[in-house]
Amino acid sequence: MLEQNNGISRRSVLKGAAVGGLGIAAGGSLLAGCASKATGPLAYGARSVDAGPTAQNEALIAAYTAKTKNEVKYNATESNAFQNNLSQYLQGTPDDTFEWMAGYRMQFFAEQGLLADLTDVWGTIGDQYTDSYKIASTGLDGKQYFVPKSWYPWGMHFRKSMFKDLGLSADTVTNWDEFLKMLDGMKKKGLVGFAAGDKGGWEAMGTFDIINARVNGYQFHVDLMAGREKWTDAKVLEVFKHWEMLIPYMNPNVLDLEWDGAMQLLLQKKAGAMLMGSWFGGNFKEQSQADYDDLSIIPFPEINPEHGRDTVDAPIDGWCVAANGTNNAGGADFLAFAGDMEGVQATLDAKDKDGKSIPMTSANKGQDRSTYDAFQKEQMAVMDEAKYITQFLDRDTRPDFAGPVVGPAIQSWFKNPKDVNKIVDSLQAQWDALPPLA
Amino acid sequence: MSIDIELQKSATKYRNKQKVKDRFISALIGVFAIIWIFPIVWTFWTSLRPYKDVRANGVFSIPKALNLQNYFDAISRMDLPLYFWNTFAITVPAVFLTLFFGSLIAFVVSRYSFKWNVTLLLLFTAGNLLPAQLVFIPVFKMYITLGKAIGIPRVLYDSHWGVVLIHVAFQMGFATFVLSSYMKTIPKEISESAMVDGATVFTHYSKVMLPLLRPALASLAVLMTTWIYNDFFWALVLMSTDSKRPITSALGRLQGEFVTDYNLLAAGAAIAALPTLIVFFLLRKQFVSGLTLGSTKG
């Protein structure tokens, strides 16, 4: 169903060669056999201090300890701090297993020999996952370094009740013209059509991703992210041209709002639609069940018929094992449990402090989808329609490029869209100036 | 007679002029005071409002509810005792050691004249100019390498002592600078008579200079405490276990991965700022004199 390109450029081969020695040394055959052996106590590094994920982790760890008698030390760090400090964390005294993301963000550290090889774990649990997840868990050297936990899609979110009032339905917003017509209709009613916030610098990357995939297709997007295509290409300018058409329908204070400011517009019924990752459904649910039930998602409309709606940004979260940890075998053993349906079920059974279940779309094939609520089923539909899955701009390209370069570039484009030529020139110049990975 | 009246007149005129001037200055100070106080008042105001209300009605809406719930939530989520203890375990030794070493160097470079004493002072002061972000990678590598070399990986990295040491290293330049310029204001004759009386170098330092340094040390201690208390950077990059980090990183615990509940964060910030405020009000005098330390050369 899904494909992920792992095309290896000359550049990455060179990079691979440079760090190959390390990678092999770190990989090794530390895994002897399979799960539920006494592998000793281990440490778990959580990438979140939020209530929901914490409850899930605690349930998972409790189930693991009950089964194997291995003690697990829990070390939770706030996600931004964790992410910014990961390089130091992995080189220093990391926990044995830690929460991380699939795709380039994982490959980047795997190439530096900082992640332990999990090929043996995949040998045990691999048949519970579709190929697309395995590809997303694979490093450039063809070995697996990641075990997926869950995913969420990016798409157009709206409120069913507002769509009804406007005389719209999901089937009437499938291509660009219909989309612009919808936005026009919303504007005439005094609504913000396309709610957006980009104060954080990352929010608008999702918009770039999806327009690029719709206009130029999956392959171009992947190649652009990997540096095999140029930012100065006319195809990139085409993306910004389409994006510019949306500006009149956006709230004027895009750069003053973080993503949740944009969400508030939708929640307060001041905006008709918003492109965002579906994770924020939890916020609607927290506000009230009625708001959550009113929330709906459809794929971003088709722009170029050649590509249809064949791509979706659907970031996958999961775990890795740190090569510098003290108990690699224990970390791998834990992940063999966490990735197995037994562990997935323990995570799904977790309850928040009010005793409510925590919605999660698991990567494991075995999750009972009949338990999905309406919004989750719509997310699944968005996912099923797509042939290609991308992770998200800041997960698909070099970390030293996405945050420090692309983020501010898009922000300056918002300030003055006429500067687009200057902006793509500077993007390309800054990519070219990046040091080779070592 | 007329001269008298003239004088009186001009005096009244002058006084009136002065009054207008005073009023103008007061108004100006008032405006600045409002500008300065506004963020604090706004933080406090924000901390009283539930996020749910703000999310549904916007930041500038009239509040439906005002309560202290955010404070209770912040206290329970921040794990306050643990993180305050961590801050304590880092700040106290760091301040103590900085003052100790700083005063030793200041003593030597200002009381003894030898060939390199000015160079030595400059070296320490110059170190102060290096931004932390520039040197953190080498420091980090050094900590890791040392840990590996002696077989205890957490000897400096991911330990309170590692952070204490880096604070000492960084703050010592300023401490040396301030203490040495303060020492220069102490008459040389005191030192000379101490030496004539046969005091050893160490007695000279501990029995003569140190007591005289007390006001400077107190001011410096207050300043150092607030600086080290407010540090987040070193604790972040030199530690991997969150439960060892200081209170500044506990604030991060209130921040969600995607959602940031600013109302809760405001309550947390108010709590975290409290100790510095208390220290400030208790030691206001030292603080003010600390700010002007070294600004006039004796």
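Residue numbers restart at each chain and count upward from 1, following the sequence in its written direction. All chains are assigned letters beginning at A, and all ligands numbers beginning at 1, according to the order in which they are written. Confidence filtering applies because this is a predicted model: local features only for residues at pLDDT of at least 70, side-chain atom pairs given and counted only at 80 or more, and all residues used for totals across whole chains, interfaces and linings.

**Observations concerning the overall build of chain B**
Note the following rule: Per the convention used, a helix needs a DSSP run of H or I reaching at least four residues, while a strand needs a run of E reaching at least two, with both numbered from the N terminus. We compute the radius of gyration from the C-alpha atoms alone; for a globule the expected value is 2.2 Å times N to the 0.38, where N is the number of residues. Whether a residue is buried, exposed or partly exposed is read from the other C-beta atoms within 10 Å of its own C-beta, which are placed from the backbone; 20 or more gives buried, 12 or fewer gives exposed, and intermediate counts give partly exposed. Throughout, a pair of residues is in contact if the C-beta atoms placed from their backbones lie within 7 Å.
On a plain count of helices and strands, chain B comes out with 13 helices and 0 strands. A globule of 298 residues ought to have a C-alpha radius of gyration of about 19 Å, yet chain B, at 26 Å, is considerably larger. When the backbone C-alpha atoms are referred to their principal axes, chain B occupies close to 95 × 75 × 30 Å. Buried residues in chain B amount to 34% of all 298 residues. Within chain B, residue pairs in contact and separated by at least 24 positions form 76% of the contacts whose partners lie at least 6 positions apart.

**So, the environment of B:Leu282**
All names here are of chain B. Take Leu 282: it is sitting in helix 12 (residues 262-282). Leu 282 gets classed as exposed once you count the C-beta atoms within 10 Å, which come to 11. Sequence spacing of Leu 282 and Ser 10 is 272 residues, and the spatial spacing of their C-alpha atoms is 46 Å.

**Some words on the sheet that holds strand 8 (residues 295-298) of chain A**
Working definition: the strands of a sheet are paired by backbone hydrogen bonds and lie parallel or antiparallel to each other. Residue and element names in this part refer to chain A. Operational definition: Should DSSP find at least two bridges between two strands, the strands are taken to pair. Between N-to-C directions, angles span 0 to 180 degrees; the directions come from axes that are lines fitted to C-alpha atoms, helices contributing only their stretch in contact.
Within the open sheet, the 4 strands sit side by side as 6-7-5-8. Their pairing is mixed. Looking at strand neighbours, the two that pair on one side only are strand 6 (192-195) and strand 8, the edges of this open sheet. The mean inter-strand angle of the sheet, taken between neighbouring strand axes irrespective of direction, is 25 degrees. Sheet analysis places strand 6 next to strand 7 (residues 271-277), joined by 3 bridges and oriented parallel. Bridge pairing in strand 7 places Ala 195 opposite Met 274. Along the sheet, helix 18 (residues 374-385) contacts strand 5 (154-159) and strand 8; its crossing angle with strand 8, the most-contacted strand, is approximately 5 degrees.

**Re the interface of chain A and chain B**
The following threshold applies: Polar here means any residue outside two lists: the nonpolar Ala, Val, Leu, Ile, Met, Phe, Trp, Tyr, Cys and Pro, and the charged Asp, Glu, Lys and Arg; Gly therefore counts as polar.
With 25 residues of chain A in contact, the opposing surface of chain B contributes 24 residues. Elements with a minimum of two residues in the side of chain A that touches chain B: strand 2 (72-76), helix 3 (79-84), helix 4 (86-91), helix 13 (259-267) and helix 14 (281-287) of chain A. Along the lines of polarity and charge, the residues of the side of chain A that touches chain B split into 8 nonpolar, 14 polar and 3 charged.

**Some thoughts on the packing of helix 3 (residues 69-78) of chain B against helix 12 of chain B**
All names here are of chain B. Going by this rule: Should an angle lie under 35 degrees it is considered roughly parallel, over 145 roughly antiparallel, and from 65 to 115 roughly perpendicular; all remaining angles are considered oblique.
One can describe the packing of helix 3 onto helix 12 by two numbers: an axis separation of 8 Å at closest approach and a directional angle of 70 degrees. As judged from the angle between their axes, helix 3 and helix 12 are roughly perpendicular. Contacts between helix 3 and helix 12 pair Asn 70, Tyr 71, Asp 73, Ala 74, Ile 75 and Met 78 from the former with Asn 263, Leu 264, Ala 267, Gly 268 and Ile 271 from the latter. Among the residues making up the contact of helix 3 with helix 12, the classes are represented as 7 nonpolar, 3 polar and 1 charged.

**Let's talk about the domain arrangement of chain A**
All names here are of chain A. Under the convention used in this document: Domain borders in the structure are assigned automatically or taken from a domain database.
For chain A, the domain assignment lists domain 1 (10-152 + 315-366) and domain 2 (154-313 + 392-432). On a C-alpha basis, the centres of domain 1 and domain 2 stand 30 Å from each other. The partner domain 2 presents 13 residues to the 10 residues of domain 1 that form the contact. Per element, the largest residue contribution to the side of domain 1 that touches domain 2 is 3 residues, and it comes from helix 5 (residues 104-111). Of the residues assigned to the side of domain 1 that touches domain 2, the class counts are 6 nonpolar, 2 polar and 2 charged.

**Section: the environment of B:Leu99**
All names here are of chain B. Following the sequence through the fold, Leu 99 ends up in helix 4 (residues 80-111). Using a count of 22 C-beta atoms within 10 Å as the deciding quantity, one classes Leu 99 as buried. Separated by 99 residues in sequence, Leu 99 and Gly 198 place their C-alpha atoms 26 Å apart. In this structure, Leu 99 is in contact with Ala 175, Leu 217, Leu 220 and Ala 221, ignoring residues within four places of it in sequence.

**Comments concerning the nonpolar core**
Filter applied, for reference: For the purposes of this analysis, a nonpolar core is taken to be any set of buried Ala, Val, Leu, Ile, Met, Phe, Trp, Tyr and Cys residues that are connected through C-beta atoms within 7 Å.
Formed by 168 residues in total, the largest nonpolar core has its most connected members in A:Leu115, A:Leu118, A:Ala195, A:Cys320, A:Leu335 and B:Leu238. Among the elements that make up this core, the one with the highest residue count is helix 7 (residues 160-183) of chain B (13 residues). Both domains that meet at this core, namely domain 1 (10-152 + 315-366) and domain 2 (154-313 + 392-432) of chain A, each give it at least three residues. When neighbours within four sequence positions are excluded, A:Leu335 is seen to be in contact with A:Thr97, A:Leu118, A:Val121, A:Val147, A:Trp319 and A:Val321.

**Quick notes on helix 3 of chain B**
Residues and elements named next belong to chain B. The condition that has to hold: For this quantity, the arc is that covered by the directions from the helix axis to the C-beta atoms.
Those residues of helix 3 not exposed but buried are Asn 70, Ala 74 and Met 78. End-on view of helix 3: buried residues confined to an arc of 50 degrees, all on one side of the axis. Exposed residues pointing more than 90 degrees away from the buried face of helix 3 are listed as Phe 72 and Ser 76. Downstream of helix 3 by a residue or two, Asp 79 has a phi angle that is positive, lying close to 60 degrees.

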